[in-house]
Amino acid sequence: IKCKVFDYGKEITTFPVGTQFKWVRNSNGDDTSWNNSHTYTDINTITITNADIEKNAQFYCQCTIDETKLS
């Protein structure tokens, strides 16, 4: 999954060094543990496997650029 960030409708393709990407899962599993282990600096992609999904799951990304949180 790739996080795309838009600013007033225009996609941001480069991010300042130190940009945080926190992936959040909403599922039937242990989401707190999963969510706590999926925060990255300067990496806006993750790979989801069958082990990450128990029956169903929703994923979204919270992006923090220069202390401004975007969801």
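Here's what I pulled together on the structure shown here. (Residues numbered from 1 in each chain as written. Predicted model: local features only at pLDDT ≥ 70, side-chain atom pairs only at ≥ 80, totals over all residues. Heavy atoms only, no water.)

**Topic: the overall build of the chain**
Then, number 1: What the chain contains, in helices and strands, is one helix and six strands.
Then, number 2: Secondary structure elements of the chain, listed N to C terminal, follow the sequence β-β-β-α-β-β-β.
Then, number 3: In terms of overall dimensions, the chain has a C-alpha envelope of 35 × 20 × 15 Å along the principal axes.
Then, number 4: Per-residue burial for the chain yields a buried fraction of 27% across its 71 residues.
Then, number 5: Excluding contacts between residues fewer than 6 apart, the proportion of contacts in the chain whose partners are at least 24 apart in sequence is 48%.
Then, number 6: Accessible surface for the chain amounts to roughly 5100 Å². Of this, 47% is attributable to carbon and sulfur atoms.
Then, number 7: Here the chain holds 7 positive side-chain charges and 9 negative ones, and the gap between their average locations is 5 Å. (Helix = DSSP H or I, 4+ residues; strand = E, 2+ residues; numbered from the N terminus. Buried < 20%, exposed > 50% of the residue type's maximum accessible area, 1.4 Å probe, protein only. Contact = heavy atoms within 4.5 Å. Areas by Shrake-Rupley, 256 points an atom, 1.4 Å probe, with all protein chains shown as cover. Lys, Arg positive; Asp, Glu negative; His and termini not counted. Charge placed at Lys NZ, Arg CZ, Asp CG, Glu CD.)

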